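# Remarks on the overall topology
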Amino acid sequence: MSEDKEFGDFLYELIKKVNENKTLSPTLRSQLENYIRAFDPKQETNTAKGVVAVAINPNGAVVAEGVCFEPTAPGGMRVHESQRRRALESMKLDFARAHLNHFMTGKLDIYFASDYWEHATKNGYRAEIIDVGYPKSDRD
């Protein structure tokens, strides 16, 4: 157990030093910051925060799902809202792949998948959004 803590502390310090290097790309720096948070010895618990979206058919069975636990968001958008959008897009793509011919899914994009999902909702399908790790006060 003490070896794990020592390794975590070492890794935390190493990543902090690498992260201070301003020549790294923003994407790599963001990934390193995520690792820092994961190995932060001061952090008591590491709770995952994300969104799960599931597609439910008219009979009540789950037929597709999409998840997003990525802790990033574009400027002006909250992380929870961004995760919600990405989870829904992922669910729509999964739904279209599961219900369309494999020749069509090779050229599938989010616009077609969204239109296909809109058609499905008019025929009894619905989406359920499940927030994971968010207290009720943090939700949109």
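Above this text is the structure in question.
Read on for an overview of the structure. Predicted, not measured: the structure shown is a model, and the values here were computed from it. Throughout, a residue's number is its position along its own chain's written sequence, starting from 1. Selection of residues for local features in this predicted model requires a pLDDT of at least 70, selection of side-chain atom pairs for listing and counting requires 80 or more, and totals for whole chains, interfaces and linings are taken over all residues. Water and hydrogen atoms were dropped before computing side-chain values, which therefore reflect all heavy atoms in the structure.

## Quick word on the nonpolar core
We apply this condition: Only buried Ala, Val, Leu, Ile, Met, Phe, Trp, Tyr and Cys residues count toward a nonpolar core, and they belong to the same one when joined by side-chain atoms within 4.5 Å. In this scheme, a residue with accessible area under 20% of its type's maximum is buried, one over 50% is exposed, and one in between is partly exposed, where area comes from a 1.4 Å probe on protein chains only. Starting at the N terminus, helices and strands are each numbered in turn, a helix being any DSSP run of H or I of at least four residues and a strand any DSSP run of E of at least two. In what follows, residue pairs with any heavy atoms lying within 4.5 Å of each other are defined as contacts.
Val51, Ala53, Ala55, Ala64, Cys68, Ala87, Met91, Phe95, Trp117 and Ala120 together form the largest nonpolar core, which totals ten residues. Elements represented by at least two residues in this core include exactly β1 (50–56), β2 (62–68), α3 (79–99) and α5 (110–121). In contact with alanine 64, not counting residues within four places along its chain, are Ala53, Val54, Ala55, Met91, Asp94 and Phe95. Formed by five residues, the second largest nonpolar core is a distinct cluster that contains Leu93, Ala96, Leu108 and Ala113.

## Things to note about the environment of serine 82
In this structure, serine 82 sits in helix α3. By relative accessible area, serine 82 is classed as buried at 4%. Put simply, serine 82 and cysteine 68 are 14 residues apart on the chain and 8.9 Å apart in space, counted from C-alpha to C-alpha. Non-local contacts of serine 82, meaning those with residues more than four positions away in its chain, are made with Thr72, Ala73, Pro74 and Met77.

## Quick word on the pattern of salt bridges
What counts here: By convention in these notes, a salt bridge is any Lys or Arg side-chain nitrogen within 4 Å of a carboxyl oxygen on Asp or Glu.
Applying the stated rule across the entire model yields two salt bridges. The salt bridge partner of glutamate 81 is arginine 85, with a shortest N-O separation of 3.3 Å. Highlighted residues: glutamate 81 and arginine 85, both in helix α3, separated by four residues, approximately one helical turn. Salt-bridge contacts for glutamate 128 lead to arginine 126; the nearest nitrogen and oxygen are separated by 2.5 Å. A residue is classified by how much of its surface remains accessible, and arginine 126, at 42% relative accessible area, is partly exposed.

## Brief notes about the pairing of β2
Heads up, the rule is: We call two strands paired when DSSP finds no fewer than two bridges between them.
The pairing of β1 with β2 spans six bridges and is antiparallel. The residue bridging isoleucine 56 from the neighbouring strand is valine 62, located in β2. Hairpin connection, β1 to β2: the antiparallel pair is bridged by five residues, and glycine 60 has positive phi, about 95 degrees.

## Comments concerning the sheet that holds β1
What counts is decided by this rule: Working convention: axes come from line fits to C-alpha atoms, limited for helices to the stretch in contact. Angles between N-to-C directions cover 0 to 180 degrees.
The antiparallel open sheet is built from three strands, whose spatial order is β2-β1-β3. Taken across any chain shown, the strands that pair with only one partner, and hence form the sheet edges, are β2 and β3 (126–132). Pairwise comparison of adjacent strand axes, ignoring direction, gives a mean angle of 20 degrees for this sheet. With seven bridges connecting them, β1 and β3 associate as antiparallel partners. Bridged to valine 52 within β3 is isoleucine 130.

## Points about the side chain of glutamine 83
Here glutamine 83 is to be found in helix α3. The exposure class of glutamine 83 is buried, given its relative accessible area of 1%. In contact with glutamine 83, not counting residues within four places along its chain, are Lys49, Gly50, Val51, Cys68, Phe69, Glu70, Pro71 and Tyr134.

## Some details on α5
Stated formally: Multiplying one less than the number of residues by 1.5 Å gives the expected span of a helix. To obtain the arc, one takes the directions from the helix axis to the C-beta atoms.
Over its twelve residues, α5 extends 16 Å from the first C-alpha to the last, a length consistent with the 16 Å expected when each residue adds 1.5 Å. Taken residue by residue, α5 has Ala113, Ser114, Trp117 and Ala120 as its buried positions. Summarising the axial view, the buried residues of α5 lie within an arc of 120 degrees, below the 170-degree limit, and thus occupy one face. Along α5, the residues that are exposed and aim more than 90 degrees away from the buried face are Tyr111 and Asp115. Among the structural elements, β1, α3 and β3 are those in contact with the buried residues of α5.

Purely geometric stuff here, so don't read any function into it on its own.
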